[in-house]
Amino acid sequence: MKILFVVSSYTKTQLRLQPWLTIHRIGLHFKRTGHQVHVITDCDSQEQEDFIIHPVATLRGINSSQILSAIESIQPDKIIVCVSPLSLVSASWYRIFEKYNAYAFMSNAFYTVVEVFKAFRFMTLKDCKEFGRQMIVPRFVWGRQLKKRFKGVICQSINTRDRLKEALNSKIPVHFIPPGIDFELWPLKKTKEFGQGCSVFLYAGSLKKIRGYELILKAFSQIKQKGITLQLLARGADDIEVQQIRDRLSGYGINCHLDIVGGWIPAEGFREYLQNATAVLLPFILVPSELPVTVMESIACGTPVIVSNIDGLPGAAGSAGYVVPHADVQALVRAVKKIHLEKSECQKLENACTSVRESMISWETVSQKWHKVLEN
């Protein structure tokens, strides 16, 4: 059987992030089980040797001819397409899916007007354009396109599942399949003592406002307790950018010890940071994808999380973390102080990590669930 994935920006450097991580793991499963796996993407991904890559100039509607030609040349038995509300109404080449067994992978988050309004002060012009253009597409319009073009929809968070079901009115099936976890890569940490009254709060990711970076800085500028370390893993930042970050942060008046590490950290090194942290900070203002896998990786390592109450974050955190209202500085301050000052509460959260970890599923199980959806 020929399986085709259609996804933008599919490159080797993206494979630790969503939705590319899921696509890569699912694709590897199909390949191991004897199927031929193809990927159509809008960049040259020839360094990614796991699958047969078909690069196209762009996945926008203006490039319909090249995309349709690529799909017809493959003649896939099953197609999985990463879609968004905007692509559903603007990509004219989607019409070809009516003649194939095609499934939509809805990896982007859905937000209400209220949620976006609260996030507005943390959004750049680029963010406003990116999230705004998805919201301007009426639900009944993109919902109609989903029902017309696809056999079903796959999503990774309960929140997205519920909003999709409401929009689609049970006309096509919506399958909730959460991401998997590499249990051997993210083992439970050994009990670590940081010293009396010492706590390490870790933020990892690009330093973007919508990821909660500015929110964290504003919160920690108000925290005066001693013994707190704020650790920033500025993914992708070089030495010059790290120094610029240090220079910029000097104006925030953060009273705690501050560590900044730039660049891209190998998984082994990142795991060590997760295991050595008291808690991982994930107070997203808006989540570009449904569910950042860092929340699962952290909990699997036995480290509690502080997340915002949007999209799939609360469900993924469960009892292994605190859920704070998004874009709420004072709520984040209270959560950090509680974990730092109440060691019994911190221990309770760490214990909860074990039970939440046990509820997670492996990528092999996730792949089998995908396989079953496509076969049916």
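Up top you'll find the structure we're talking about.
This report concerns the structure included in the present document. Predicted model, so just to flag it, every value in this text is computed and none were measured.

## Thoughts on the overall build of the protein chain
Here's step 1: Counting its regular elements, the protein chain contains 15 helices and 13 strands.
Here's step 2: In terms of overall dimensions, the protein chain is globule-like: its C-alpha atoms have a radius of gyration of 21 Å, near the 21 Å expected for 376 residues.
Here's step 3: Carbon and sulfur atoms make up 51% of the accessible area of the protein chain, which amounts to about 16,500 Å² in all.
Here's step 4: Positive and negative charge centroids in the protein chain, built from 46 and 34 side chains respectively, lie 6 Å apart.

## Section: the packing of aromatic side chains
Here's step 1: For the structure on display, the rule yields 11 aromatic pairs.
Here's step 2: Taking the centre distance of 6.1 Å and the plane angle of 90° together, the rings of tyrosine 94 and phenylalanine 150 count as edge-to-face. With tyrosine 94 in the loop between α3 (85-90) and β5 (102-105) and phenylalanine 150 in the loop between α6 (139-149) and β6 (152-155), this residue pair connects regions lying 56 residues apart in the sequence. For the pair tyrosine 94 and phenylalanine 150, a shared accessibility class is recorded, and that class is buried.
Here's step 3: Geometrically, the ring pair formed by phenylalanine 97 and phenylalanine 150 is tilted, given 5.4 Å between the ring centres and 35° between the ring planes. With phenylalanine 97 in the loop between α3 and β5 and phenylalanine 150 in the loop between α6 and β6, this pair connects stretches of sequence that are 53 residues apart.
Here's step 4: Feature note: the residues Trp93, Tyr94, Phe97 and Phe150 constitute an aromatic cluster, connected by ring pairs.

## A few points about the sheet that holds strand β7 (residues 174-176)
Here's step 1: Ordered in space as β3-β2-β1-β4-β5-β6-β7, the 7 strands form an open sheet in which the pairing is parallel. In the strand order of this sheet, the two ends are held by β3 (52-55) and β7, each with one partner. On average, each strand axis in the sheet is inclined to that of its neighbour by 20°, with strand direction left out of account.
Here's step 2: In this sheet, β3 lies alongside strand β2 (residues 36-41) in parallel orientation, the contact comprising 4 bridges. Opposite histidine 38, over in β3, you have isoleucine 52 as the bridge partner.
Here's step 3: Sheet contacts for helix α1 (residues 20-32): β1 (2-6), β2, β4 (78-82) and β5; angle to β1, the most-contacted strand, approximately 170°.

## With respect to the packing of α1 against helix α15 (residues 363-375)
Here's step 1: Running from N to C, α1 and α15 point in directions that differ by 75°, and their axes come no closer than 9 Å. Relative to α15, the element α1 lies roughly perpendicular. Across from Leu21, Thr22, Arg25, Ile26, His29, Phe30 and Arg32 in α1, the residues of α15 making contact are Trp363, Glu364, Val366, Ser367, Gln368, Trp370, His371 and Leu374.

## Considerations on the state of the cysteines
Here's step 1: In this structure the tally under the stated criterion is 0 disulfides.
Here's step 2: Unpaired in this structure, cysteine 82 has its nearest cysteine sulfur neighbour in cysteine 43, at a distance of 12 Å.

## Some words on the side chain of serine 64
Here's step 1: Checked against the element boundaries, serine 64 lands in helix α2 (residues 64-74).
Here's step 2: The residues touching serine 64, leaving out its near neighbours within four places in the chain, are Ser92 and Trp93.

## A short note on the pattern of salt bridges
Pairing is possible between side chains of opposite charge, provided their charged atoms come close.
Here's step 1: Using the criterion set out here, one finds 8 salt bridges in the structure.
Here's step 2: The salt bridge partner of aspartate 182 is arginine 25, with a shortest N-O separation of 2.7 Å. With aspartate 182 in the loop between β7 and β8 (199-205) and arginine 25 in helix α1, this pair connects stretches of sequence that are 157 residues apart.
Here's step 3: Overall, the relative accessible area of 13% leaves aspartate 182 in the buried class.
Here's step 4: Taking relative accessible area as the criterion, arginine 25 reaches 22% and is therefore assigned partly exposed.
Here's step 5: Of the charged contacts in the structure, one is a salt bridge between glutamate 364 and arginine 32, with a shortest N-O distance of 3.0 Å. Of the two residues, glutamate 364 sits in helix α15 while arginine 32 sits in helix α1, which places them 332 residues apart along the sequence.

## Looking at the nonpolar core
Here's step 1: Membership of the largest hydrophobic core comes to 74 residues, with the highest contact counts inside it found for Phe201, Phe220, Leu281, Val295, Ile306 and Val336.
Here's step 2: Counting residues per element, this core draws most heavily on helix α13 (residues 329-341), which supplies 7 residues.
Here's step 3: In contact with phenylalanine 201, not counting residues within four places along its chain, are Phe220, Ile228, Thr229, Leu230, Gln231, Ala279, Leu281, Ile306, Val336, Ile339 and His340.

## Quick word on a positive patch on the surface
Here's step 1: A contiguous patch of positive charge, built from Arg144, Lys147, Lys148 and Lys171, is present on the exposed surface.
Here's step 2: Considering the arrangement of structural elements, one finds lysine 148 in helix α6.

## Details of helix α5 (residues 125-135)
Here's step 1: All of the buried residues along α5 are Asp127, Phe131 and Gln134. The buried residues of α5 occupy one face: seen down the axis, they fall within an arc of 55°. Relative to its buried face, α5 has exposed residues pointing more than 90 degrees away, namely Leu125, Lys126 and Lys129.
Here's step 2: Those residues of α5 that are buried are in contact with α3.

## A word on the packing of helix α8 (residues 213-220) against α13
To characterise two packed helices, one gives the angle between the axes of the helices and the distance between these axes.
Here's step 1: Between α8 and α13, whose axes approach to 9 Å, the crossing angle comes to 65°. Handedness of the α8/α13 crossing: right-handed. For the pair formed by α8 and α13, the contact residues are Leu215, Ile216, Lys218, Ala219 and Phe220 on the first element and Val329, Leu332, Val333 and Val336 on the second.
Here's step 2: Of the residues belonging to the contact of α8 with α13, the class tally is 8 nonpolar, no polar and 1 charged.

Procedures and definitions
Residues numbered from 1 in each chain as written. Predicted model: local features only at pLDDT ≥ 70, side-chain atom pairs only at ≥ 80, totals over all residues. Heavy atoms only, no water. Helix = DSSP H or I, 4+ residues; strand = E, 2+ residues; numbered from the N terminus. Rg over C-alpha atoms; globule rule 2.2 N^0.38 Å. Areas by Shrake-Rupley, 256 points an atom, 1.4 Å probe, with all protein chains shown as cover. Lys, Arg positive; Asp, Glu negative; His and termini not counted. Charge placed at Lys NZ, Arg CZ, Asp CG, Glu CD. Phe/Tyr/Trp six-rings, centres within 6.5 Å; stacked < 30°, edge-to-face > 60°. Buried < 20%, exposed > 50% of the residue type's maximum accessible area, 1.4 Å probe, protein only. Pairing = 2+ DSSP bridges. Axes fitted to C-alpha atoms, helices over the stretch in contact; angles between N-to-C directions. Contact = heavy atoms within 4.5 Å. Parallel < 35°, antiparallel > 145°, perpendicular 65-115°, else oblique. Disulfide = S-S within 2.5 Å. Salt bridge = Lys/Arg side-chain N within 4 Å of Asp/Glu carboxyl O. Core = buried A, V, L, I, M, F, W, Y, C linked by side-chain atoms within 4.5 Å. Patch = residues over 30% accessible without salt bridge, like charges linked within 9 Å, V, L, I, M, F, W, Y side chains within 5 Å. Arc of directions from axis to C-beta. Left-handed = near helix turned anticlockwise from the far one by under 90°. Nonpolar A, V, L, I, M, F, W, Y, C, P; charged D, E, K, R; others polar.

It is worth stressing that arrangement in space is one thing and function is another; only the former is reported here.
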